[in-house]
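Structural characterization, general
Here are the chains, one letter per residue:
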Amino acid sequence: MDSHEDGYEGPLAVVVEEAEVTVDAILRGYFEPTDGRYHWYGRLAPSPELDAIVSGTAAGEVRTPYGAAEAKLGEIDPWGRFRVAGVGRPPFPVAGVD
């Protein structure tokens, strides 16, 4: 991982419309100087349980052992992994982000 890039790899809970599914994830993020906000993104491991509660795109929350954040899910890749993204405080620790 580059020194300017932060991230998280491990299990997280995805909450969509009161349904909760635990999946493995790889998340990364960066501070965007043009809008002054922290942008984070990643992929969720394939999960039949997640497929059952999300069709297409969805808004929800992701929770790691470090925190929770609002997220958008969508863009399933050919390997069945959902893309997840958010803006603002990420669900993982980042130096200098409150």
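For the structure itself, consult the block above.
Attention in this report is confined to the structure presented alongside it.

Calculation criteria
Within any chain, residue numbers begin from 1 and follow the written order of that chain's sequence. Where totals are concerned, whole chains, interfaces and linings use all residues; where local detail is concerned, this predicted model gives features only for residues with pLDDT of at least 70, and gives and counts side-chain atom pairs only at 80 or more. The side-chain figures draw on all heavy atoms in the structure; neither hydrogens nor water molecules are used. Counted as salt bridges are all cases of a side-chain nitrogen of Lys or Arg within 4 Å of a carboxyl oxygen of Asp or Glu. Numbered from the N terminus, helices here are DSSP runs of H or I no shorter than four residues, and strands are runs of E no shorter than two. Three exposure classes are used, based on accessible area relative to the maximum for each residue type with a 1.4 Å probe and protein chains only: buried under 20%, partly exposed in between, and exposed over 50%. What we call a nonpolar core is a set of buried Ala, Val, Leu, Ile, Met, Phe, Trp, Tyr and Cys residues that are connected through their side-chain atoms within 4.5 Å. Should any heavy atoms of two residues lie within 4.5 Å, those residues are considered in contact. What makes two strands pair is DSSP finding at least two bridges between them. The convention used is that axes are lines fitted to C-alpha atoms, helices contributing only their stretch in contact, and that angles between N-to-C directions extend from 0 to 180 degrees.

Between side chains of opposite charge, a pair can form as their charged atoms come close. Summed over the entire model, instances satisfying the criterion amount to six salt bridges. Its salt-bridge partner being Glu9, residue Arg28 comes within 2.6 Å of it at the nearest N-O pair. You can see Arg28 sitting in strand β2 (residues 19-32) and its partner Glu9 sitting in strand β1 (residues 6-16), a full 19 residues away along the chain. The class for Glu9 is exposed, based on a relative accessible area of 53%. The partner of Glu75 in a salt bridge is Arg83, with the nearest N and O atoms 3.9 Å apart. Here the salt bridges do not stand alone but share partners, grouping Glu20, Glu61 and Arg63 into one network.

What follows concerns the nonpolar core. Grouped burial of nonpolar side chains is what soluble globular proteins tend to show. Among the nonpolar cores identified, the biggest contains 22 residues, and Val14, Trp40 and Leu44 are the most heavily contacted of them. For this core, the secondary structure elements donating two or more residues are β1, β2, β3 (37-44), β4 (58-64), β5 (67-74) and β6 (82-87). In contact with Leu44, other than residues within four places in its own chain, are Leu12, Val14, Val23, Asp24, Ala25, Leu50, Leu73, Arg81, Phe82 and Val84.

In this section: the sheet that holds β1. On the basis of which strands lie adjacent, the closed barrel formed by six strands has the order β1-β2-β3-β6-β5-β4 and antiparallel pairing. Across this sheet, the average inter-strand angle for adjacent strands is 40°, counted without regard to direction. Pairing of β3 with β6, which is carried by six bridges, proceeds in the antiparallel orientation. For His39, the partnering residue across the bridge sits in β6 and is Val87.

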